[in-house]
Amino acid sequence: MRKPGTDEQNVQMSDVLCDFCHREWREDVPMVEGHHGSCICGNCLSLAFRSVMLDKVNDAPAEWQCPLCLEASADRAELGRADEPGWPSPLDPEVVVCRRCIKQASGALHKSSDYDWRKPV
Ligand SMILES: [Zn+2]
Ligand SMILES: [Zn+2]
């Protein structure tokens with residue numbers, strides 16, 4: 001997400017906030033962008049990966065839309081992923097990242113040479 005009042009023509013690093021913990025983007029915290037300026041930071045991604053991929057927890061509400069890929073419950077159902085778990089933001093349980101985005105974002109960050117982020121084990 002963008003900080004309120006961000007100049008879209010001149011977006012600074014500190015204007016970019018994680019949708020899940022609302023921290024600012026900094027050099028030492030990787031950020032993965034989704035649709036419409038949505039973002040998840042490396043810290044939240046680690047928590048999400050641990051919860052959904054390792055602990056197989058599903059704390060998502062009954063109906064939710066992933067801000068990164070914009071897929072809602074109905075979209076996932078249509079794609080045969082109705083039961084897909086998600087990870088809700090600790091600040092706002094209505095903001096939930098889907099497992100597919102967790103997988104994609106963590107795969108990309110894990111391979112990126114810009115950051116030393118690694119998938120939790
Ligand atoms: Zn975050
Ligand atoms: Zn998603």
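Check the entry above for the structure.
One structure accompanies this document, and this report is about it.

Each value, and the rule that gives it
- Residues numbered from 1 in each chain as written.
- Chains lettered and ligands numbered in written order.
- Predicted model: local features only at pLDDT ≥ 70, side-chain atom pairs only at ≥ 80, totals over all residues.
- Heavy atoms only, no water.
- Donors = N, O, S within 2.8 Å, 3.2 Å for Na, K, Ca; no water.
- Tetrahedral: all angles 85-135°; square planar, octahedral: opposite > 155°, others 65-115°.
- Buried < 20%, exposed > 50% of the residue type's maximum accessible area, 1.4 Å probe, protein only.

## Describing the coordination of the zinc ion (ligand 2)
The zinc ion (ligand 2) binds to the protein through C66 (SG), C69 (SG), C98 (SG) and C101 (SG); the donor distances cover 2.3 Å. Viewed at the metal, the four donor atoms of the zinc ion (ligand 2) are separated by angles of 106 to 117°, and the geometry they form is tetrahedral. All donor residues of the zinc ion (ligand 2) come from one chain, and their arrangement in sequence is C-x2-C-x28-C-x2-C. For C98, a relative accessible area of 0% corresponds to the buried category. Of the residues examined, C101 reaches a relative accessible area of 7% and is grouped as buried.

## A look at the coordination of the zinc ion (ligand 1)
Donor atoms from the polypeptide that coordinate the zinc ion (ligand 1) comprise C18 (SG), C21 (SG), C41 (SG) and C44 (SG), at 2.3 to 2.4 Å from the metal. Written as a sequence motif, the donor residues of the zinc ion (ligand 1) are C-x2-C-x19-C-x2-C. With a relative accessible area of 3%, C44 lands in the buried category.

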